[in-house]
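Understanding the architecture of this molecule
Chain by chain, the residues run as shown.
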Amino acid sequence: MTALMSPGNIGQLSILGCAFEPDIQMDSIVVQWAKEGVAGLVHKLRGRMAMFADQVMGRNASLELRDVQLSDAGTYQCSVTTEGVGKQFCSTGQ
């Protein structure tokens, strides 16, 4: 889980870290981010978030959040799923 708690980041860019285990199969991979207690995370962050698509093959599913707002504060969780394989929660940094 990643906590985005610092109001000092308001208006700036923040990286929510997510690295996953190398034993997961890379074909048909799905990365999902969720904020604790909030439904529809993608809708609320639309236009302000980006993943490092070129780094997913290197086991990096981190999320870049631009123009951080006070309402973005909270705990986020990243999960990686592949077709036919269960969900694997990422190890993330603060």
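For the structure itself, consult the block above.
Here's a quick rundown of the structure. Fair warning: this is a prediction, and the values are worked out from it, not measured in the lab.

This next bit is on the state of the cysteines. The tally for this structure, following the rule as stated, stands at one disulfide. With a sulfur-sulfur separation of 2.4 Å, Cys18 is cross-linked through a disulfide to Cys78. Judged by the sign of its S-S torsion, about -70°, the cystine formed by Cys18 and Cys78 is left-handed. Taken together, the residues Cys18 in the loop between β2 (14-16) and β3 (29-35) and Cys78 in strand β6 (residues 74-82) connect sequence positions 60 residues apart. Looking at Cys78, the relative accessible area reads 1%, which means it is buried.

The next thing to look at is the sheet that holds strand β5 (residues 63-65). Taken in spatial order, the three strands make up an open sheet running β2-β5-β4, and their pairing is antiparallel. Of all the strands in the sheet, the pair left with one neighbour each is β2 and β4 (49-51). When the angles between neighbouring strand axes are averaged without regard to direction, this sheet yields 25°. Direction of pairing for β4 relative to β5: antiparallel, over a ladder of three bridges. Bridge pairing in β5 links Ala50 to Glu64.

Another aspect to go through is the pattern of salt bridges. Evaluated as defined, the whole model comprises two salt bridges. For Arg48, the salt bridge identified is with Asp72, shortest N-O distance 2.9 Å. Highlighted residues: Arg48 in the loop between α1 (41-45) and β4 and Asp72 in the loop between β5 and β6, separated in sequence by 24 residues. The salt bridge involving Arg66 is made with Glu64; its shortest N-O contact spans 3.0 Å.

Calculation notes
Residue positions are given per chain, counted from 1 along the sequence in the order it is written. Reporting in this predicted model follows two pLDDT cut-offs: at least 70 for local features of residues, and 80 or more for side-chain atom pairs to be given and counted; totals over whole chains, interfaces and linings ignore these cut-offs and use all residues. Remark: hydrogens and water are excluded; side-chain values derive from all non-hydrogen atoms of the structure. Disulfides are defined in this document as cysteine sulfur pairs within 2.5 Å. Labels follow the DSSP assignment, with helices taken as runs of H or I lasting at least four residues and strands as runs of E lasting at least two, numbered in each case from the N terminus. Under the scheme applied here, a residue whose accessible area is under 20% of the maximum for its type counts as buried, over 50% as exposed, and between as partly exposed, the area being computed with a 1.4 Å probe on protein chains only. Criterion used throughout: strands pair if DSSP finds at least two bridges between them. Note on method: axes are straight lines fitted to C-alpha atoms, helices fitted across the in-contact stretch only, with angles between N-to-C directions ranging 0 to 180 degrees. We define a salt bridge as a side-chain nitrogen of Lys or Arg found within 4 Å of a carboxyl oxygen belonging to Asp or Glu.

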